[in-house]
Each structure stands twice: as C-alpha cells, then as structure tokens.
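Below are the chains, spelled out letter by letter.
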Amino acid sequence: MYFRAIKSLGFGAKPSADLTDNFHEALYQASVQPDIQSYLPFTSLSAVEQPMAMVAEARHDFYNGDPAQARILLNQVTQIKPHMPEASLLQAEIDARDGKTFEAKQLLQILIGDLNAPDWVRAYAQNYLNEIP
C-alpha cells in the first residue's frame, strides 16, 4: 500500500516524512517473508528508493538463507547512504544473531539516542536491546 502511494506521486515528487517512515517500517517488517519478491520485487522497490530496497533485500537474504549476500548488500548501503538508521538497525540485528552482542548493543544504544532516527527504528532498537542477554 505504501509502495503504491509513493509510486503514484510520480518521478521527482517527494513523499511526506510520515509516508516515508510508514513505507520503511512496513518494508522492514515484510522483508523477512520468503515470498516478498512475488508481490514486492526488490528491483521495483529500488526504482522508488534504492537504499531502503537494499536494506530490505539484505534483511530478506539474511533470514532466508544467504547471510553472505546480506552483508554485501548492507555494506553497499552504508557506502551509498552512511548512517542510515534502518541499515544500522539491520546491522545490529545481524550482529546480535551472530553472537556479536557488544557491537549490537552499541549500535542499538546509538539508535535509541538518535532523535533524528524514525520513531519506529528507535522502538525496534529498544526491543532488540531488551532481547539481548
């Protein structure tokens, strides 16, 4: 739904901050679904917003069997858009699952304190931090 709304704005139009945040959160949540490509191809998403599409694809790869590709995509995102909160959130998520709890906690604490990060990113960061032993 959010993808269609942003796409309908046309080339060069800038969506509102609320629409962008909702799109990013919905895409982040949906990215773990094995069949996401059947209804939201990453190539189509890239045409609308490349960095977030890459974060979603990396998260999808990580949870669906290709963690090496996920790390490659995530590194590319940080080169394209350094300090992207959604990319940092995914990096912390990957670090936590890989047993790098110290690194994950550091990233999550930075995100929680970043008042420029979307509210949903900060909320996810707090939830992830609470789950790390």
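Engineer: So what exactly am I meant to see when it comes to the overall build of the chain here?
Structural biologist: Counting its regular elements, the chain contains nine helices and zero strands. Secondary structure of the chain in N-to-C order comes out as α-α-α-α-α-α-α-α-α. A total of 133 residues make up the chain; the buried ones form 41% of that total. Sequence separation of 24 or more characterises 54% of the internal contacts of the chain that already satisfy a separation of 6 or more. About 7500 Å² of surface is accessible on the chain, with carbon and sulfur atoms providing 52% of the total.

Engineer: I would appreciate a short explanation of the packing of aromatic side chains in the present structure.
Structural biologist: Two aromatic rings are characterised by how far apart their centres lie and by the angle between their planes. All chains considered together, the criterion is met by five aromatic pairs. Seen from their ring centres, Tyr 28 and Tyr 124 are 6.1 Å apart, and the 85° between their planes marks the pair as edge-to-face. Of this pair, Tyr 28 sits in helix 2 (residues 17-30) while Tyr 124 sits in helix 9 (residues 119-131); the two residues are 96 residues apart in sequence, bridging distant segments of the chain. With 5.3 Å between their ring centres and 85° between their planes, Phe 62 and Tyr 63 make a pair best called edge-to-face. Owing to a relative accessible area of 13%, Phe 62 belongs among the buried residues under this scheme. Site record: aromatic cluster; members linked through ring pairs are Tyr 28, Trp 120, Tyr 124 and Tyr 128.

Engineer: Any chance you could explain the confidence of the model for the chain here in plain terms?
Structural biologist: Do not read the predicted coordinates in detail wherever pLDDT is low. Averaged over every residue, the pLDDT of the chain is 89; the share at 70 or more is 89%. Mean pLDDT per element in the chain: helix 1 (residues 2-8) is the minimum at 56, and helix 8 (residues 101-113) is the maximum at 98.

Engineer: Could you clarify how one ought to interpret the nonpolar core in this entry?
Structural biologist: Nonpolar side chains tend toward joint burial in soluble globular proteins. If you look at the biggest cluster of nonpolar residues, it comprises 35 residues, and the most contacted ones within it are Leu 27, Tyr 28, Leu 45, Val 55, Leu 89, Leu 90 and Leu 108. Residue assignment for this core shows that the elements contributing at least two residues are helix 2, helix 4 (42-48), helix 5 (50-63), helix 6 (67-80), helix 7 (85-97), helix 8 and helix 9. Counting residues per element, this core draws most heavily on helix 5, at seven residues.

Engineer: Would you take a moment to explain unusual backbone geometry for this structure?
Structural biologist: For residues other than glycine, phi is negative in most cases, and the peptide bonds are mostly trans. Even without a glycine there, the phi angle at His 83 is positive, about 65°. Within the element layout of this structure, His 83 appears in the loop between helix 6 and helix 7.

Engineer: Looking at this structure, I do not really get the pattern of salt bridges. What am I missing?
Structural biologist: Side chains bearing opposite charge may pair, as long as their charged atoms lie close to each other. Across all of its chains, the model carries three salt bridges by this definition. Asp 119 serves as the salt-bridge partner of Arg 122, at 3.0 Å between the closest nitrogen and oxygen. Placement of both Arg 122 and Asp 119 in helix 9 is noted, with a separation of three residues, approximately one turn of the helix. Assessed through its relative accessible area of 56%, Asp 119 is described here as exposed.

Engineer: What am I meant to see in helix 6 here?
Structural biologist: Owing to its 3.6 residues per turn, the α-helix brings residues three or four apart onto one side. With 14 residues, helix 6 should cover 20 Å at 1.5 Å per step; its first-to-last C-alpha distance of 20 Å lies within 8% of that length. Listing the buried residues of helix 6 in full gives Ala 70, Leu 73, Leu 74 and Val 77. With its buried residues spanning 100° around the axis, helix 6 presents them on a single face. Buried residues along helix 6 sit against helix 5 and helix 7.

Engineer: Explain the environment of Ile 112 here, please?
Structural biologist: Among the secondary structure elements, Ile 112 is positioned in helix 8. In sequence terms Ile 112 and Ala 123 are 11 residues apart; their C-alpha atoms lie 7.5 Å from each other. Those residues in contact with Ile 112 that sit more than four places away from it in its chain are Arg 122, Ala 125, Gln 126 and Leu 129.

Conventions we followed
- Residues numbered from 1 in each chain as written.
- Predicted model: local features only at pLDDT ≥ 70, side-chain atom pairs only at ≥ 80, totals over all residues.
- Heavy atoms only, no water.
- Helix = DSSP H or I, 4+ residues; strand = E, 2+ residues; numbered from the N terminus.
- Buried < 20%, exposed > 50% of the residue type's maximum accessible area, 1.4 Å probe, protein only.
- Contact = heavy atoms within 4.5 Å.
- Areas by Shrake-Rupley, 256 points an atom, 1.4 Å probe, with all protein chains shown as cover.
- Phe/Tyr/Trp six-rings, centres within 6.5 Å; stacked < 30°, edge-to-face > 60°.
- pLDDT = per-residue confidence, 0-100.
- Core = buried A, V, L, I, M, F, W, Y, C linked by side-chain atoms within 4.5 Å.
- Salt bridge = Lys/Arg side-chain N within 4 Å of Asp/Glu carboxyl O.
- Expected span 1.5 Å × (residues − 1).
- Arc of directions from axis to C-beta.

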